[in-house]
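Fold and contact review
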Amino acid sequence: MSTTRPCSPGDRGPEPSGASEASEGGAQRAEASEGGAATVVSGSPGGRQVRRLSFDDVGGVVPLARDFARQALYAWDWLPAATADRRAAAEDVLLVVSELVTNACLHAEGPDRMVLSCDNKVIRVEISDRGAGQPAPRTPHRAGRPGGHGMFIVQRLCLDWGVVRTPGVTGKTVWAELGAPA
């Protein structure tokens, strides 16, 4: 479902400003990442775990984002997967990360940062960029046509997705949520 809501339906609401900072009560530690600056926040209220990656002055952002997401999936016990369904759920997360970061590269001068957050039910992927465009699945979708499948894939794999824009600030954050494996 293509949306422009800042958050998915339900009682969660949008992330408060600075939700992934240590002031939320979690222990924060920085991790070294090739080129990008990574921050891990654990022990946040409600069991939510948050990881942030800055793409400032780095190349190879798609593999960097996938590797960072894979590390998070291991830390959050999505990997190693004990069943085929759990493995498929983790692969879906990695594919969504790749598609959203690739879209930011192709249509928005590249991503600025990625935020991954996870609770017991949902993992949320957020990619922020400086682009003015509005992501949308190409319609009608033609499977045999090269290119243009990214947002269609995101729409099919995710529980929901949307775009957040801050008034007076250039750019946007594209978010997508996937269900945790059973």
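Just so you know, these numbers come straight off a predicted model, no measurement behind them. (Residues numbered from 1 in each chain as written. Predicted model: local features only at pLDDT ≥ 70, side-chain atom pairs only at ≥ 80, totals over all residues. Heavy atoms only, no water.)

1. Notes on the overall build of the protein chain
Looking only at helices and strands, the protein chain features 3 helices and 7 strands. Listing every helix and strand of the protein chain by position from the N terminus yields β-β-β-α-α-β-β-α-β-β. Here the contacts in the protein chain between residues at least 6 apart in sequence split such that 56% fall between residues at least 24 apart. Carbon and sulfur atoms make up 52% of the accessible area of the protein chain, which totals about 9400 Å². (Helix = DSSP H or I, 4+ residues; strand = E, 2+ residues; numbered from the N terminus. Contact = heavy atoms within 4.5 Å. Areas by Shrake-Rupley, 256 points an atom, 1.4 Å probe, with all protein chains shown as cover.)

2. Things to note about the environment of Ser 117
Take Ser 117: it is sitting in strand S4 (residues 111-118). Residues within four places of Ser 117 in sequence aside, it is in contact with Arg 48, Gln 49, Val 50, Trp 76, Val 122, Ile 123 and Arg 124. At 3.2 Å, the side chain of Ser 117 forms a polar contact with the side chain of Arg 48. (Polar contact = N/O pair within 3.5 Å; in protein donor to acceptor, adjacent residues only side chain to side chain.)

3. Side note on the layout of surface pockets
Volume-wise, the second largest pocket comes out at about 380 Å³. In terms of lining residues, the second largest pocket is bounded by 21 residues, among which Asn 103, His 107, Pro 135, Ala 136 and Met 151 are the most central. Of all elements in the fold, only helix H2 (84-107), strand S5 (122-129), helix H3 (150-157) and strand S7 (172-179) reach the threshold of two or more residues within the lining of the second largest pocket. Across the lining of the second largest pocket, the residue classes tally to 9 nonpolar, 8 polar and 4 charged. (1 Å grid on protein atoms, 1.4 Å probe; cavity = no way out; pocket = protein on both sides within 12 Å on 5 of 7 lines; lining within 4 Å. Points joined across faces, edges and corners; volume = space filled by probe spheres on them. Nonpolar A, V, L, I, M, F, W, Y, C, P; charged D, E, K, R; others polar.)

4. Observations regarding the pairing of strand S6 (residues 160-164)
Here S6 lies mainly inside the structure; 4 of its 5 residues are buried. The sheet contact formed by S6 and S7 spans 5 bridges and is antiparallel. Considered in S7, the bridge of Val 164 is made with Thr 173. (Buried < 20%, exposed > 50% of the residue type's maximum accessible area, 1.4 Å probe, protein only. Pairing = 2+ DSSP bridges.)

5. Thoughts on unusual backbone geometry
Cis geometry marks the peptide bond from Leu 79 to Pro 80, where omega comes out at -5°. Mapped onto the elements of the fold, Pro 80 is located in the loop between helix H1 (61-75) and H2. You will see that Asp 77, though not glycine, has its phi angle at about 65°, which is positive.

6. Quick look at the pattern of salt bridges
Considering all chains together, one arrives at 7 salt bridges under this definition. Between Arg 87 and Glu 91 there is a salt bridge, with the nearest N and O atoms lying 2.9 Å from each other. With a gap of 4 residues between them, Arg 87 and Glu 91 both fall in helix H2, about one helical turn apart. With a relative accessible area of 39%, Arg 87 lands in the partly exposed category. Judged by relative accessible area, Glu 91 falls into the partly exposed class, the value being 30%. A salt bridge links Arg 124 to Glu 177; the shortest N-O distance between them is 2.9 Å. Of the two residues, Arg 124 sits in strand S5 while Glu 177 sits in strand S7, which places them 53 residues apart along the sequence. Each of Arg 124, Glu 126 and Glu 177 takes part in a single network of salt bridges with overlapping partners. (Salt bridge = Lys/Arg side-chain N within 4 Å of Asp/Glu carboxyl O.)

7. Digging into the environment of Glu 126
With respect to the element layout, Glu 126 can be found in strand S5. A polar side-chain atom of Glu 126 sits 2.7 Å from a polar atom in the side chain of Arg 124.

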